[in-house]
Amino acid sequence: MRIIFVSVGLIGLAFATTPASAVPWVRGYVVDAYEPAFYFGGKLSQDDLGTDCPKGAVPDNDYAKILKTSWRSDAEVKKLMTPVEGREPGGIMAPGLSYRGFRPDIETYINPFAAPDPGFQQVTGKIAEGFNLDNNPRTGFSGTKGEAGIDNNFYRVMGCTLTYRGAPWKGYLSERSTDKMVDGHYTMVIRVSGNQDPMNDADVVVEVGYSPDQMVKDPMGKVTPDYSYRLAKSAQFTKLKARIRGGVIETEQKDIRMPEFSWAESNRGEALFQKGKMRLTMNNDGTLLGMAGGYRDWREIYGRDTFNIPSGGPTRETFYHQNQIGMFYALRRNADGIPDATTGQNTGISTAYRIRALPAFVVDPRQPVVIDQQAGERPYQERDAFMRALTTRTLQAPPPSGSGGGGYYRSTTPAPAPVPGQASKSTGATAVR
Amino acid sequence: MSLSRRFLLRGMTHSSLAVMSLPFLDCFLNENGTALAATGKPIPTRFGTYFWGCGLTKALFMPASVGANYQDTPQLASLKPFKGKMNLLTGFRAFVDEKPNIQHWSGNAAIATGNAPANDREFAGETLDMTIAGAIAKGSRYKSIEVACSGNRNESFSSLGGRNTNPPEVSPIGLYNRLFGAGFQDPSNADWKPDPHVMLQQSVLSVVTEDRQKLMASVGAADKARLEQYFTSVRELEQGLAAELSRPEMIADVKIPASPEEMIVNKAVPNLLKVTPIMARLLAIGLATNQTRVFNMSFCEPASTMYQPGDSYPFHQATHEEPVDEALGYQPITSKFSEYCMQGLASVLAELDGIREGDGTLLDHSLLLAYTDTSNAKLHAIDGIPMVLAGGANGKIKTGLHVAGGGTTVSRVGLTVQQAMGFLLDSWGTQSNQTNRPISEIVI
């Protein structure tokens, strides 16, 4: 018996070092679901009470309160809140919601610091999904498997909001974004290649980026696996070193440029995960499931959420109960990485996004392909103005009226008249007081 | 004795000629009741569209089976009386290709034109109804009639392309006056005669014909194109006027109703449900009396702001703001609005089916495409937009079926419609929405 045991051990050793495991291999995937990795502590519904959000989802705004300013009378507030037949509250209140700063002529989505911090209902739970981005086990959440130091302050800020909260793949924006993605809004592909055993390989390359090819759906509307997609090595492309243990891919920590989680044309584009990581599991059924994370510029997150067609600031506030001013302050307050070289203030907020992908053939294009990025329309102008306002610390005027899209509730009416005695900034910038 | 539908009983009384018209008799039709016996012309096929916003609730409308005898579902309950005279079309996809997915617009615009639009509120071509009207409107007074049941003057989805849309009638009185007001003569009146004003208008247009031709020869290509579009409208006007100079071929047994009373027309659900059947009745009589052969009715717009008085959620806002009741599997308030949209459609079908014409009803001799902008409005999904194709199109369409499109393009519906309306058309739509596959299950 002893001899037999030795023989089996030798055979096992021989398999572990077989030359066959050194054959180069490639696996391709097309992403069919992509969403912020927000741990859900409720049972079913997005508005359940849960360990993540003991008060449930963020309730509707108190408009009488947020519209009231030192210069707006109660009667004006009441008028802004009076229903108009055939119009949605977002459209009626947009002029008021867009101007609620210390002076009546300040557009406060672009200059949110000109309005007081109303607070924001954040996640109070202790568990989160994500990565230990700062390599400090004492900061952040506990992971779902008890890991220490999970950094995901984007979740801490937005995890209780009506549109982000929900069971995995069931959050409102998650479903909406994924529906758009698989319907042609954009295509994200991942290619994993190595030189040893695909399930255990210390020398792996992970490539992630856009594909110019739209996904193919089956008659039931599901994405069909095993189609070919070109990998666009454009600005939104990243190549990472990685290793695989037991089918789990862990990449190096590096800046990752990849497609943005997006539900509308005007918030599609590049997402930059600074000090990013990816962890992806190759499942036996051929699918890939995992996460990408890193520090994202919190100002960009605010900008894409607040300035987009068709669900910009007033829509976010009236349909989805978010207070954009509160969100601005909460994101800034919770920024936990990438300090600005000059000011020392953190510009990055830790994030993580879930990724689910199906097997596909990911190929290099014969000719270089470029992924178009829209620019120039009103949301982009507004984001630029917001960033100028923050970086130059000067109030910025909104872009001219009429550059928005259909259904885009923005302040298309002229700004309220300035208070007598105070400077007008109808054109150009004015220093913040 | 030879009888035609214009036969008048004549007699002398007190030294005066007395004439009396006849009601519509079967003998005016051929043996099968499918054509006018006097002229041999078939009963014309009419075409209409019914638009509603924000789709339906899949959990509440989608039958589990396809084909005939599909299950009744709660959201389609109001359509049950017409189940045998309509087809439910599901699972067709509006492809956007490289164009943006314009929320609450790409889906319905693709259905209407076979092309995904590039810009919001723009049609990338002529809408289906206009193409059809261009072919079948001759002989009727109006090329088409558009109606917005909500009173919204911007709510029309009939277009020659681009941002221009055909303005809708926004009240029952407005629609009544358009159809039966100034310039209308009841075709069944014995003393019907051409309106001298119309004759004068037509003569004015005729005398400028020569100048028109000279003008066209003297301008550049761009202006020529603009003038051509303008003169097309003029020619349509001429045709309309010509139609008014001869007695319309009325083949149904209808009476012109009295003018409806003033009523509130807005987006409140009770008013919509009151106004829509009245508008539908007027349209049906307008079709029956050959005032038009094409109509477009909008019950509520894409991203509809229809509302229930006293409720804080308008329809579209509810689609986004109302959480899904996970126990039910759908949004209760939102789904109720969709139910109202189907009630509106049912009232249109009821009016069309309530008018007898020869061997059947006006609905049997019509084809009505009911469509919407999204499948799941919460997500702005345009894959699987539900549609209803009602009426038999004079025997060209098989009804009573649920057809699942299996992810094929929505243009298959438009192609089928046009073929049923008599177009010799092999293919319709562009890019991924281009198809040469009509819905064979329902084509006779």
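Q: Whenever I open this one, the overall build of chain B confuses me. Can you help?
A: Scanning chain B for helices and strands turns up 11 helices and 12 strands. For chain B, with 444 residues in total, the buried portion stands at 57%. For chain B, the proportion of contacts with a sequence separation of at least 24, taken over those separated by at least 6, is 69%. Carbon together with sulfur atoms contributes 54% to the accessible area of chain B, which is approximately 17900 Å² in total.

Q: Hey, could you run me through unusual backbone geometry in this one?
A: Backbone geometry follows two general trends: most residues other than glycine have a negative phi, and most peptide bonds adopt the trans configuration. Residues and elements named next belong to chain A. At the junction of isoleucine 309 and proline 310, the peptide bond is cis and its omega measures out at 10° in the coordinates. Relative to the helices and strands, proline 310 is located in the loop between helix H7 (298–306) and helix H8 (313–318). Within the chain, tryptophan 169 stands out as a residue other than glycine whose phi angle is a positive 70°. Tracing the sequence through the fold places tryptophan 169 in the loop between helix H5 (153–158) and helix H6 (172–185). Backbone geometry at arginine 393 places phi at a positive 55°, although glycine is not the residue there. Judged by relative accessible area, which is 64%, arginine 393 ranks as exposed.

Q: Mind showing me how you'd approach the interface of chain B and chain A here?
A: Taken residue by residue, the interface counts 31 residues in chain B and 32 residues in chain A. Both sides of the chain B and chain A interface together cover about 2600 Å² of buried area, and 49% of this is carbon and sulfur. In this assembly, chain B and chain A are joined by 2 salt bridges. The partner of B:Asp383 in a salt bridge is A:Lys217, and the shortest N-O contact between them spans 2.5 Å. Counting across the chain B and chain A interface gives 17 residue pairs in polar contact (both at pLDDT 80 or more). Classifying every residue of the side of chain B that touches chain A by side-chain character gives 11 nonpolar, 11 polar and 9 charged.

Q: Looking at this structure, I do not really get the pairing of strand E3 (residues 201–211) of chain A. What am I missing?
A: Regular strands have side chains that alternate between both faces of the sheet. Residues and elements named next belong to chain A. Most of E3 is tucked away: 8 of the 11 residues are buried. For strand E2 (residues 187–194) and E3, the ladder comprises 7 bridges, and the chain directions are antiparallel. Directly across from serine 193, in E3, lies its bridge partner valine 205. Linkage of E2 to E3, two consecutive antiparallel strands, is achieved through a turn of 6 residues. Where E3 lies against strand E5 (residues 238–245), 6 bridges are found, and the strand directions are antiparallel. By the bridge assignment, glutamate 207 is partnered in E5 with lysine 239.

Q: What am I meant to see in the environment of A:Asp32 here?
A: Residues and elements named next belong to chain A. Among the secondary structure elements, aspartate 32 is positioned in strand E1 (residues 25–36). A sequence separation of 192 residues divides aspartate 32 from threonine 224, and the C-alpha atoms of the two residues are 9.5 Å apart. Sequence-distant contacts of aspartate 32, that is, excluding residues within four places in its chain, are made with Thr178, Met181, Val182, Val223, Arg356, Ala357 and Leu358.

Q: What am I meant to see in the packing of helix H3 (residues 128–136) of chain B against helix H11 (residues 411–420) of chain B here?
A: How two helices pack is summed up by the angle between their axes together with the distance between the axes. Residues and elements named next belong to chain B. Running from N to C, H3 and H11 point in directions that differ by 15°, and their axes come no closer than 11 Å. By the criterion of interaxial angle, the relationship of H3 to H11 is roughly parallel. Between H3 and H11 the crossing geometry is right-handed. The residues of H11 that touch H3, namely those facing Leu128, Thr131 and Ile132, are Gly414, Val417 and Gln418.

Q: Would you explain the nonpolar core in this entry?
A: The nonpolar side chains of a soluble globular protein tend to be buried, and buried together. Ranked by size, the top nonpolar core spans 91 residues in total, and within it A:Tyr34, A:Ile190 and A:Met278 carry the most contacts. Top element by residues in this core is strand E11 (residues 346–363) of chain A. It accounts for 7 residues. Grouped together as the second largest cluster of nonpolar side chains are 60 residues, B:Met86, B:Leu175, B:Phe180 and B:Cys300 included.

Q: I keep staring at the packing of aromatic side chains and nothing clicks. Help me out?
A: The geometry of an aromatic ring pair is captured by the separation of the ring centres together with the interplanar angle, meaning the angle of the planes. Under the counting rule described, the total for this entry stands at 31 aromatic pairs over all chains. Seen from their ring centres, B:Phe51 and B:Phe157 are 4.4 Å apart, and the 45° between their planes marks the pair as tilted. In this pair, B:Phe51 is assigned in strand E3 (residues 46–51) and B:Phe157 in the loop between strand E6 (145–148) and helix H4 (172–180), connecting sequence segments 106 residues apart. Both residues of the pair, B:Phe51 and B:Phe157, count as buried. The ring centre of A:Trp169 lies 5.2 Å from the NZ or CZ of A:Arg356, which sits over that ring.

Q: Help me understand H3(B) in this model?
A: The α-helix advances 3.6 residues per turn, and as a result positions three or four apart in sequence lie on the same side. Buried residues of H3(B): B:Leu128, B:Asp129, B:Met130, B:Ile132, B:Ala133 and B:Ile136, and no others. At its buried positions, H3(B) is contacted by E3, helix H2 (106–113), E6, strand E7 (294–298), strand E10 (366–371) and H11 of chain B.

Q: Mind showing me how you'd approach the sheet that holds E3(B) here?
A: Where strands meet in a sheet, backbone hydrogen bonds hold them as pairs that are either parallel or antiparallel. All names here are of chain B. Pairing is mixed across the open sheet formed by 8 strands, whose spatial order is E4-E12-E5-E11-E10-E3-E7-E6. Each having just a single partner strand, strand E4 (67–68) and E6 make up the two edges of the open sheet. Of the pairings in the sheet, the one linking E6 to E7 comprises 4 bridges and is parallel in character. Bridging across to E7, glutamate 146 finds its partner in asparagine 296. Seen against the sheet, H3 touches E3, E6, E7 and E10 and runs at an angle of roughly 155° to E7.

Q: Explain the pattern of salt bridges to me, please; I cannot follow it from the model alone.
A: Pairs can form between side chains of opposite charge once their charged atoms are near each other. All told, the structure shown has 37 salt bridges over all chains when counted by the stated rule. Taking the shortest distance from any N to any O, the salt bridge between B:Arg93 and A:Asp183 comes out at 3.1 Å. With B:Arg93 in the loop between strand E5 (86–90) and H2 and A:Asp183 in helix H6, this pair bridges two chains. The residue B:Asp72 makes a salt bridge to B:Lys80 at a minimum N-O spacing of 3.3 Å.

Q: For this particular structure, what's the right way to read the state of the cysteines?
A: By definition, a disulfide is the covalent link that joins the sulfur atoms of two cysteine residues. Evaluation of the coordinates by the stated rule reveals 1 disulfide over all chains. The disulfide bridge from A:Cys53 ends at A:Cys160, spanning 2.0 Å between sulfur atoms. Residues A:Cys53 and A:Cys160 share a disulfide whose torsion about the S-S bond is about -100°; that sign makes it left-handed. Of the two residues, A:Cys53 sits in the loop between E1 and helix H2 (63–67) while A:Cys160 sits in the loop between H5 and H6, which places them 107 residues apart along the sequence. Taken as a pair, A:Cys53 and A:Cys160 share a single burial class, namely buried. For the unlinked cysteine B:Cys149, the closest cysteine sulfur is that of B:Cys300, found at 9.3 Å. With a relative accessible area of 0%, B:Cys149 lands in the buried category. B:Cys341 carries a free sulfur, and the closest cysteine sulfur to it, the one in B:Cys300, is 3.8 Å from it. Look at B:Cys341 and you get buried, because its relative accessible area is 0%.

Q: Quick question: what am I supposed to make of the confidence of the model for chain B here?
A: Detailed reading of the predicted coordinates is not advisable wherever pLDDT falls low. Residues and elements named next belong to chain B. In this model, chain B carries a mean pLDDT of 87, and residues with pLDDT of at least 70 account for 82%. Segment residues 5–14: pLDDT under 50, and 27 contacts once partners within four positions in sequence are set aside and those in other chains are kept. Taken together, the stretch residues 16–28 has pLDDT below 50 and engages in 37 contacts with residues farther than four places along the chain or on a different chain.

Q: Explanation requested: the pairing of E1(A) in the structure shown.
A: All names here are of chain A. Counting buried residues along E1, 10 of its 12 residues qualify, which places the element largely inside the surrounding structure. In terms of strand pairing, E1 meets E2 through 6 bridges, oriented antiparallel. Among the inter-strand pairings, tyrosine 29 is bridged to a residue of E2, identified as isoleucine 190. Across 8 bridges, the pairing between E1 and E11 is antiparallel. Bridging from a neighbouring strand, tyrosine 34 pairs with isoleucine 355 of E11.

Q: Even after reading the chapter, I still don't get the packing of helix H8 (residues 269–288) of chain B against helix H10 (residues 332–353) of chain B, so can you show me in this structure?
A: Residues and elements named next belong to chain B. At a closest axis distance of 8 Å, the pairing of H8 and H10 adopts a crossing angle of 25°. Accordingly, the angle class assigned to the pair H8 and H10 is roughly parallel. Our pair here, H8 against H10, has a crossing hand that is right-handed. Taken together, the residues of H10 that come into contact with H8 (itself represented by Val269, Leu273, Thr276, Pro277, Ala280, Arg281, Ala284 and Leu287) are Phe337, Tyr340, Gln343, Gly344, Ser347, Val348, Glu351 and Leu352. Each residue belonging to the contact of H8 with H10 can be placed in one class, and the counts come to 10 nonpolar, 4 polar and 2 charged.

So, how was this worked out
Residues numbered from 1 in each chain as written. Chains lettered and ligands numbered in written order. Predicted model: local features only at pLDDT ≥ 70, side-chain atom pairs only at ≥ 80, totals over all residues. Heavy atoms only, no water. Helix = DSSP H or I, 4+ residues; strand = E, 2+ residues; numbered from the N terminus. Buried < 20%, exposed > 50% of the residue type's maximum accessible area, 1.4 Å probe, protein only. Contact = heavy atoms within 4.5 Å. Areas by Shrake-Rupley, 256 points an atom, 1.4 Å probe, with all protein chains shown as cover. Buried area = accessible area lost by both parts, 1.4 Å probe. Salt bridge = Lys/Arg side-chain N within 4 Å of Asp/Glu carboxyl O. Polar contact = N/O pair within 3.5 Å; in protein donor to acceptor, adjacent residues only side chain to side chain. Nonpolar A, V, L, I, M, F, W, Y, C, P; charged D, E, K, R; others polar. Pairing = 2+ DSSP bridges. Axes fitted to C-alpha atoms, helices over the stretch in contact; angles between N-to-C directions. Parallel < 35°, antiparallel > 145°, perpendicular 65-115°, else oblique. Left-handed = near helix turned anticlockwise from the far one by under 90°. Core = buried A, V, L, I, M, F, W, Y, C linked by side-chain atoms within 4.5 Å. Phe/Tyr/Trp six-rings, centres within 6.5 Å; stacked < 30°, edge-to-face > 60°. Lys NZ or Arg CZ within 6 Å of the ring centre and 35° of its normal. Disulfide = S-S within 2.5 Å. pLDDT = per-residue confidence, 0-100.

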